[in-house]
Amino acid sequence: MRTLLIGADGQLGSELRQAFGNHDLIPLTHADLELTNPVQVRETLIKHRPNLILNTAAYHRVDECEDYAERAFAVNATAVRDLAIVAKEIGAPLVHFSTDYVFDGRQLSPYREVDRPGPLSAYATSKLAGEYFVQAALERYYLIRTCGLYGMAGSRGKAGNFVETILRLAADGREIRVVGDQIVTPTSAKELACKVRQLVETGAYGLYHITNNGECSWYQFAQAILELSGVRPHLIETTSAAYAARAARPAYSVLDNANLRSLDLDDLSDWRDALEAYLKDRASGRSSS
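Residues numbered from 1 in each chain as written. Predicted model: local features only at pLDDT ≥ 70, side-chain atom pairs only at ≥ 80, totals over all residues. Heavy atoms only, no water.

## Digging into the overall build of the protein chain
Logical step 1: Along its length, the protein chain carries eleven helices and twelve strands.
Logical step 2: Its C-alpha radius of gyration of 18 Å places the protein chain within 12% of the 19 Å reference for a compact globule of 289 residues.
Logical step 3: A principal-axis box enclosing the C-alpha atoms of the protein chain has dimensions of 55 × 40 × 40 Å.
Logical step 4: Burial analysis of the protein chain (289 residues in total) assigns 53% to the buried set.
Logical step 5: The long-range fraction of contacts in the protein chain, counting pairs at least 24 apart against all pairs at least 6 apart in sequence, stands at 80%.
Logical step 6: Carbon together with sulfur atoms contributes 46% to the accessible area of the protein chain, which is approximately 12600 Å² in total.
Logical step 7: Side chains of the protein chain carry 31 positive and 36 negative charges; the gap between the two charge centres is 4 Å. (Helix = DSSP H or I, 4+ residues; strand = E, 2+ residues; numbered from the N terminus. Rg over C-alpha atoms; globule rule 2.2 N^0.38 Å. Buried < 20%, exposed > 50% of the residue type's maximum accessible area, 1.4 Å probe, protein only. Contact = heavy atoms within 4.5 Å. Areas by Shrake-Rupley, 256 points an atom, 1.4 Å probe, with all protein chains shown as cover. Lys, Arg positive; Asp, Glu negative; His and termini not counted. Charge placed at Lys NZ, Arg CZ, Asp CG, Glu CD.)

## Comments concerning helix α4 (residues 69-90)
Logical step 1: In a regular helix each residue adds 1.5 Å, so 22 residues correspond to 32 Å; α4 covers 31 Å between its end C-alpha atoms and thus fits that length.
Logical step 2: The largest bend along α4 measures about 30° and falls at Val75.
Logical step 3: Those residues of α4 lying buried are Ala72, Val75, Asn76, Ala77, Ala79, Val80, Asp82, Leu83, Ala84, Val86, Ala87 and Ile90.
Logical step 4: Of the surrounding elements, those touching the buried residues of α4 are β1 (3-6), α2 (38-48), β3 (52-55), α3 (62-67), β4 (94-99) and α5 (122-137). (Expected span 1.5 Å × (residues − 1). Bend = angle between axes of the 7 residues up to and from the residue.)

## A word on the nonpolar core
Logical step 1: Within the largest apolar cluster, 33 residues are counted, with the highest numbers of intra-cluster contacts made by Val163, Val178, Phe221 and Leu275.
Logical step 2: When contributions to this core are tallied by element, the ones reaching two or more residues are α6 (162-171), β7 (176-179), α8 (218-229) and α11 (271-283).
Logical step 3: The greatest single-element share of this core, amounting to seven residues, is contributed by α8.
Logical step 4: Leaving out residues up to four positions away in the same chain, Val163 has contacts with Tyr150, Phe221, Ile225, Leu275, Tyr278 and Leu279.
Logical step 5: Within the second largest apolar cluster, 25 residues are counted, among which are Ile6, Leu94, Val134 and Ala137. (Core = buried A, V, L, I, M, F, W, Y, C linked by side-chain atoms within 4.5 Å.)

## A word on the sheet that holds β1
Logical step 1: Read across the open sheet, the six strands follow the order β2-β1-β3-β4-β5-β10; overall the sheet is parallel. A strand with exactly one partner marks an edge of an open sheet, and here the two such strands are β2 (25-28) and β10 (206-209). On average, each strand axis in the sheet is inclined to that of its neighbour by 20°, with strand direction left out of account.
Logical step 2: Bridge count between β3 and β4: three bridges; the pairing is parallel. Pairing of Asn55 across the sheet is with His96, part of β4.
Logical step 3: Across the sheet, helix α1 (residues 11-19) lies against β1, β2, β3 and β4, angled at about 160° from β1, the strand it touches most.
Logical step 4: Across the sheet, α4 lies against β1, β3 and β4, angled at about 170° from β3, the strand it touches most. (Pairing = 2+ DSSP bridges. Axes fitted to C-alpha atoms, helices over the stretch in contact; angles between N-to-C directions.)

## A closer look at unusual backbone geometry
Logical step 1: Even without being a glycine, Ala244 presents a positive backbone phi close to 55°.
Logical step 2: Residue position: Ala244 is located in the loop between α9 (240-243) and α10 (258-262).
Logical step 3: With a phi angle near 60°, Asp264 is a residue other than glycine that sits in the positive phi range.
Logical step 4: Of the residues examined, Asp264 reaches a relative accessible area of 70% and is grouped as exposed.

## Observations concerning the pairing of β3
Logical step 1: Every second residue of β3 is oriented toward a common face, with Leu52 and Leu54 on one face and Ile53 and Asn55 on the other, all of them buried.
Logical step 2: The sheet contact formed by β1 and β3 spans four bridges and is parallel. The residue bridging Thr3 from the neighbouring strand is Leu52, located in β3.

## Describing the side chain of Arg145
Logical step 1: Among the structural elements, Arg145 can be located in strand β5 (residues 141-146).
Logical step 2: Since its relative accessible area comes to 3%, Arg145 is described here as buried.
Logical step 3: One polar contact links Arg145 to His209, side chain to side chain, over a distance of 3.1 Å.
Logical step 4: If near-sequence neighbours (up to four positions away) are discounted, Arg145 is found in contact with Ser98, Thr99, Val102, Phe103, Glu113, Pro117, Glu131, Leu207, Tyr208, His209, Ile210 and Leu255. (Polar contact = N/O pair within 3.5 Å; in protein donor to acceptor, adjacent residues only side chain to side chain.)

Have a look at this one:
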């Protein structure tokens with residue numbers, strides 16, 4: 001299978017390179033392909049004629065998207081539409097990644113794929129628009145929502161992932177304040193990438209939630225990171241209101257892997273077990289690059 005990976009330099013892209021390494025993989029970084037350039041996108045896809053397209057590229061600086069909404073929609077929606085149109089023309093299924101932030105967090109029970117979205121921010125709205133474009137343009141797609149992603153390569157443009165940020169602050173001896181009123185499921189990019197490969201091999205197209213299992217607050221996640229790392233810094237629980245972020249976040253954005261479970265594929269680890277595996281890989285010097 002000839003697979004085109006867009007966004008190969010990000011934390012998920014790096015793990016997908018590992019998971020799809022024997023699929024005649026063509027990895028493209030941001031420097032290789034500007035997704036908002038429709039001419040370049042068309043030329044690239046026609047040149048390579050992939051059998052499968054993996055798109056991880058996104059403008060995901062959530063607060064910054066409030067100030068640059070046009071940029072957010074250009075990358076997360078319009079560019080995705082253009083990509084989906086060319087994918088249809090060349091007959092290639094598209095794997096596109098979305099976010100738990102498409103929900104408003106009022107449900108207070110895990111969100112299934114059939115639940116109605118309610119985005120609270122420019123970022124979330126742009127990602128939802130991208131979902132709609134994929135669904136409108138294509139019949140053969142895997143649309144994947146995930147939550148609280150972290151991977152060995154960090155996160156392109158975000159100065160690392162949450163785990164690395166907490167460990168860096170702890171190493172600096174800094175006071176660490178983390179919100180305790182946002183409930184999520186931290187998800188290993190490594191496990192997500194492996195599950196995506198399993199999913200595409202089924203040929204069961206559609207919308208999927210794919211996260212590790214269980215739930216916790218960001219504060220509880222930070223506690224677990226520090227506990228498993230044997231670090232005891234000054235960790236303080238705060239609130240979303242006190243944090244005063246520009247973009248609103250859902251108070252509860254845990255996803256139910258219902259459609260994955262219907263295929264008997266929902267065997268992802270509990271979030272704490274996945275975190276422990278990540279920290280062991282980190283300590284052993286594993287690299288996804």
